[in-house]
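# Understanding the architecture of this molecule
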Amino acid sequence: MQFYDIQANLSSGETISMSTYRGKVLLIVNTASFCGFTPQFTELQEMHSKYNEQGFHVLGFPCNQFRQQDPKSDNEITQFCSLNYGVSFPLFEKGDVNGANEQPIYRHLKQKAPGVFGTSSIKWNFTKFLVGRDGEVIKRYAPFTKPKDIEKDIMRALIDSE
């Protein structure tokens, strides 16, 4: 399966194909509303706003697999992120990033960009994947990597793939 063949549901329930983002640079993040890394929403939104017109998008995938740090409904998560962090980038339905019920997008991302020592599982919230305009995974980032620390890679992906 290719990246652009994958579909996912937005928090509104609308099904969207990743082909919608063909030709865009993406930062895909498994998010959580009640995590020590939750303040990263601020920088994620800043990056999304700063580079959106150049073809960059952040895609948030809420996940409750790690110590139940996103227990609310999809609607409540969306409201929380909007009210507290000004999030305007797309948030998708809450789902798993590991295990038997993992979302197809995470199965693909983990296969294309394994973690440390070749492990595939995601260890915590706010693991990030940078995807190029061609749908290929450029790099995987650990939860503690701040979005601002990825900015140079984002700029390079925007320039290299024009």
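The notes below deal with the structure included here. A quick note: this is a predicted structure, and the numbers were derived from the prediction, not measured.

## Points about the nonpolar core
One finds F3, M18, I28, F92, I105 and Y106 to be the most contacted residues of the largest nonpolar core, which totals 24 residues. Secondary-structure elements contributing two or more residues to this core are β3 (25–31), β4 (56–62), α3 (104–112) and β5 (128–131). Excluding anything up to four places from it in sequence, F92 contacts A8, N9, L10, S11, I16, M18, Y21, L59, G60, F61, P62 and D74. Counting residues in hydrophobic clusters, the runner-up holds 23 residues, among them V58, C81, V87 and L158.

## Digging into the environment of D96
On the secondary structure map, D96 appears in the loop between α2 (74–85) and α3. Leaving out residues up to four positions away in the same chain, D96 has contacts with C63, Q65, N101, E102 and Q103.

## Some thoughts on the pattern of salt bridges
Counted by the stated rule, this structure contains 6 salt bridges. A salt bridge links K148 to E46, with the nearest nitrogen and oxygen atoms 3.0 Å apart. A residue pair is termed long-range when its members are at least 10 positions apart, and K148 in the loop between β6 (137–141) and α4 (151–160) and E46 in helix α1 (residues 40–51) qualify at 102 residues. A salt bridge links R156 to D153, with the nearest nitrogen and oxygen atoms 2.8 Å apart. One end of the pair, R156, and the other, D153, are both in helix α4, 3 residues apart, so they sit about a helical turn from each other. Its relative accessible area of 45% is what places R156 among the partly exposed residues. Overall, D153 belongs to the buried group, its relative accessible area being 18%. Via salt bridges that share partners, E102, R107 and K110 belong to a single interconnected network.

Analysis parameters
- Residues numbered from 1 in each chain as written.
- Predicted model: local features only at pLDDT ≥ 70, side-chain atom pairs only at ≥ 80, totals over all residues.
- Heavy atoms only, no water.
- Core = buried A, V, L, I, M, F, W, Y, C linked by side-chain atoms within 4.5 Å.
- Buried < 20%, exposed > 50% of the residue type's maximum accessible area, 1.4 Å probe, protein only.
- Helix = DSSP H or I, 4+ residues; strand = E, 2+ residues; numbered from the N terminus.
- Contact = heavy atoms within 4.5 Å.
- Salt bridge = Lys/Arg side-chain N within 4 Å of Asp/Glu carboxyl O.

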